[in-house]
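Residue-level structure breakdown
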Amino acid sequence: MLVVQKYGGTSVGSLDRIKAVAEKIASTYKEGNRVVAVVSAMAGETDKLIGLANQLSQNPDEREMDLLLSSGERISAALTAIAIRQVGLKAMSFTGRQVGIITDEVHTRAKIERITAERVKKAVEEGVIPVIAGFQGITEKSDVTTLGRGGSDLTAVAVAAALNADICEIYTDVEGIYTTDPNIVPEARKLEKISYDEMLELASLGAKVLQTRSVEFAKKYNVPVVVRSSFSDNPGTLVMKEDKEMEKVVVSGVAYDKNQAKITVIGVHDKPGIAAKLFNSIAEANIIVDMIVQNVSSDGKSTDISFTVPKVDSKKTLNITKGIVTELGAKSVNLREDIAKVSIVGVGMRTHSGVAAKMFETLARQGINILMISTSEIKVSCVIDAKYTELAVRVLHDAFELGEK
Ligand code: ADP
Ligand code: ASP
Ligand code: MG
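As the structure is a prediction and not an experimental result, all values here were calculated from the model. (Residues numbered from 1 in each chain as written. Chains lettered and ligands numbered in written order. Predicted model: local features only at pLDDT ≥ 70, side-chain atom pairs only at ≥ 80, totals over all residues. Heavy atoms only, no water.)

**Some points on helix H3 (residues 62-86)**
The end-to-end C-alpha separation of H3 is 37 Å, in line with the 36 Å expected for 25 residues at 1.5 Å each. Between the side-chain oxygen at the start of H3 and the backbone nitrogen of Arg-63 there is a gap of 3.1 Å, and the oxygen is on Asp-61. Remark: Gly-88 follows H3 within two positions and exhibits a positive phi of approximately 95°. (Helix = DSSP H or I, 4+ residues; strand = E, 2+ residues; numbered from the N terminus. Expected span 1.5 Å × (residues − 1). Polar contact = N/O pair within 3.5 Å; in protein donor to acceptor, adjacent residues only side chain to side chain.)

See below:
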C-alpha cells in the first residue's frame, strides 16, 4: 500500500513527539508499505510567528506573512526526516516548492492549482520516505504561499490524490471524529465513519479536526481519509462516501465557531441593487461572507442587512461597509465580535422534520437568544451570544442524544 500520513502540530510538538512519530512512520514502512509523511509546524509555532509579525505591524503584508509562516513547517519536516534516519531508514524532507505544489496568488489562503510531485515520486521509488512540509505552496511566479489555517490537512489530501495513495491518514491529538468537540463535551462519541458531506459541513461550521478545503478535495478526488490519534493505535474514523446506514441518523454532530463576527447595516434603501453593491465591494477584498439576513421592510423604504464574516476580516469589512454607507442610503453600520455560531449536522435531516424546531426549543429552554438562523439540506446553524457557546453545544448534544449510550 501507499500511505500518506499527516501529523498535526501537537503530534510533532516536541523532540520526543517527533521521535515517536518517526517510530510510527518506520513501523508502517517496515510492514511493507510505502509511506509519504506530511507534517505541521510544531504546536504553537504558527501563532508565535504571527505574534512576532504583529509586534512589528498591525497589518503585515500577506506575501511576507506567507514566507514567515511556511518556515514553521520546514523546521518540523527536516527534524522529522532526521529522526527517521536515526532509526535506520532513508528519509528526505521537502518544502512545498520542491514537491511542486502550485497555487494561485491569494496569499495566506491560496488554492492548489496542480501538483507535479515528480521529486517525491522518485524518492518513493528509491525506497526513501519523503517528509513534506505541510501548509505551503508556490505560485507560478515563484512566491511562497500558505493554504489557510489548518492547511497541512489539505497538503496531505492533495498529495494523496496526486500520488494515487491507497489511504490518507490524519494523525492528531484526539482518537477520531466525534459527535462534537471531545474537549468541550467529554461524553462525545467517536464515530466509526462519516460521509464527506457531513464532514464538510462540520468542518466549515467550525470543527477544526479537518480543514474544510481538505474535505472538499478528498470528496472531489475520492480520497479515503482516516482521522486517528498519533498517541495510540486505535482505529479512528473513516471519512467516505455516504451509505444507506448513515441516512438513518438524523443528527450526527454538533459544531461551533467562535471565529465569526456580525456586521449590521441599518436602514438601507429597500430597492434593487443594494445587496449587490454591498457584497460586491466585500467580495472584491477577497472576504468570504457566511450568513446573510435581510429583513422585509415594514415601511417599504428601508431595511436592515446583517451578515457574518471571519473575525480576522471584521475590521476590514467594517471599513469597506462604512465607505459605501451613503451609496447604500444606510443610517449606520455596527460590528459585534462577541458572537458564536452553533450548528447541528446530519444527512438524515433531508428526510426528517422538526429538527430545527427542536434545536430552537433546546436553546430557548436555557434562555439563549438566537440572533441569526441559517439552514441547508443537512444543517441548521444559529448565531448566539459567544458566552453561551459551550452551554449550547452541551445541551444540543444532549437533546439529540449523541453521547455514549
Ligand atoms: P492538528 O494540530 O493535529 O491539526 P487540530 O487542533 O487542528 O489538530 O484539530 C484537532 C482538534 O479538533 C481536537 O483537539 C478537538 O478539540 C477539535 N475538534 C473540534 N470538533 C471536533 C470533532 N467533532 N471531533 C474531533 N475533534 C474535534
Ligand atoms: N501550522 C498551520 C496552522 O497552524 C497549518 C496546520 O497546522 O495545518 O494553521
Ligand atoms: Mg489541524
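Moving on from the model shown.
**Quick word on the site of ligand 2**
Close to ligand 2 lie Ser-40, Thr-46, Glu-73, Phe-135, Arg-149, Gly-150, Gly-151 and Ser-152. Between Arg-149 and ligand 2, the recorded distance is 2.7 Å, taken from a side-chain N or O atom to an oxygen atom. A distance of 3.4 Å is found between an oxygen atom of ligand 2 and a backbone nitrogen or oxygen belonging to Gly-151. Protein chains shield 86% of the accessible area of ligand 2, which is 260 Å² for the free molecule. Considered class by class, the residues forming the shell around ligand 2 number 1 nonpolar, 5 polar and 2 charged. (Near = heavy atom within 4 Å. Areas by Shrake-Rupley, 256 points an atom, 1.4 Å probe, with all protein chains shown as cover. Nonpolar A, V, L, I, M, F, W, Y, C, P; charged D, E, K, R; others polar.)

**Looking at the sheet that holds strand S18 (residues 339-345)**
Reading across from one edge, S13-S18-S20-S19 is the order of the 4 strands in this open sheet, with antiparallel pairing throughout. What marks the edges here is a single partner per strand, and that holds for strand S13 (253-257) and strand S19 (372-376). Pairs of neighbouring strands in the sheet enclose a mean axial angle of 20°, with direction left out of account. Note that S19 and strand S20 (residues 379-385) share 5 bridges and pair antiparallel. (Pairing = 2+ DSSP bridges. Axes fitted to C-alpha atoms, helices over the stretch in contact; angles between N-to-C directions.)

**Examining unusual backbone geometry**
Glycine aside, residues mostly have negative phi angles, and peptide bonds mostly take the trans form. Even without being glycine, Thr-108 reaches a positive phi, approximately 70°. Among the structural elements, Thr-108 can be located in the loop between strand S4 (101-103) and strand S5 (112-115). On the basis of relative accessibility, which here comes to 24%, the residue Thr-108 falls in the partly exposed class. With a phi close to 55°, Asn-222 is a non-glycine residue in the positive phi region. As for its placement among the helices and strands, Asn-222 is situated in the loop between helix H8 (212-220) and strand S11 (225-229). (Buried < 20%, exposed > 50% of the residue type's maximum accessible area, 1.4 Å probe, protein only.)

**Points about the sheet that holds strand S6 (residues 129-133)**
A sheet is described by the order of its strands in space; here 8 strands give the open sequence S3-S6-S2-S1-S9-S11-S12-S10, paired in mixed fashion. For this open sheet the edge positions go to strand S3 (91-94) and strand S10 (193-195), each flanked by a neighbour on one side alone. Between one strand axis and the next, the sheet turns by 20° as a mean value, whatever way the strands run. As judged from the 5 bridges shared by strand S9 (residues 167-172) and S11, these two strands associate in the parallel manner. By the bridge assignment, Glu-169 is partnered in S11 with Val-226. Each of strand S1 (2-7), strand S2 (34-39), S6, S9 and S11 touches helix H6 (residues 152-163); the most contacted strand, S1, lies at about 170° to it. Against the sheet, helix H7 (residues 196-204) makes contact with S10 and strand S12 (237-240), and its axis sits at roughly 85° relative to S10, the strand it touches most. (Contact = heavy atoms within 4.5 Å.)

**Examining the pairing of S12**
Taking every second residue as pointing to the same face, the buried face of S12 carries Thr-237 and Val-239, while none of Leu-238 and Met-240 on the other face is buried. Examined bridge by bridge, S10 and S12 share 3 bridges and lie parallel to one another. Among the inter-strand pairings, Ser-195 is bridged to a residue of S12, identified as Met-240. As paired elements, S11 and S12 share 3 bridges and run antiparallel to each other.

**Digging into the environment of Ser-381**
Counting through the fold element by element, Ser-381 comes out in strand S20. Taking the C-alpha atoms as reference points, Ser-381 and Thr-139, separated by 242 residues in sequence, lie 36 Å from one another. Apart from the residues within four sequence positions on either side, Ser-381 is in contact with Leu-205, Met-291, Lys-341, Val-342, Ser-343, Met-372, Ile-373 and Ser-374. Looking at Ser-381, its side chain comes within polar contact range of the side chain of Ser-343, at 2.8 Å.

**Quick notes on the environment of Val-209**
In this fold, Val-209 is placed in the loop between H7 and H8. In this structure the C-alpha to C-alpha distance between Val-209 and Thr-172, which are 37 residues apart in sequence, comes to 8.0 Å. In this structure, Val-209 is in contact with Asp-153, Val-174, Gly-176, Ile-177, Met-199 and Val-227, ignoring residues within four places of it in sequence.

**Some details on the site of ligand 1**
Within the structure, ligand 1 sits among 17 residues, and Thr-172, Asp-173, Tyr-178, Asp-181 and Asn-183 are positioned closest to it. Lys-6 places a side-chain nitrogen or oxygen 3.1 Å from an oxygen atom of ligand 1. Here an oxygen atom of ligand 1 and a side-chain polar atom of Asp-173 are 2.9 Å apart. The fraction of the free accessible surface of ligand 1 (570 Å²) that becomes covered by protein chains is 88%. In terms of residue class, the shell around ligand 1 is built from 7 nonpolar, 6 polar and 4 charged.

**Here we look at the packing of H6 against H8**
Relative to each other, H6 and H8 sit at 15°, their axes nearing to 8 Å. Classified by the interaxial angle, the pair formed by H6 and H8 is roughly parallel. Regarding H6 and H8, the two cross each other, and that crossing is left-handed. Of the residues in H8, those touching H6 at Asp-153, Leu-154, Val-157, Ala-158 and Ala-161 are Arg-213, Ser-214, Phe-217 and Ala-218. Among the residues forming the contact of H6 with H8, the class breakdown is 6 nonpolar, 1 polar and 2 charged. (Parallel < 35°, antiparallel > 145°, perpendicular 65-115°, else oblique. Left-handed = near helix turned anticlockwise from the far one by under 90°.)

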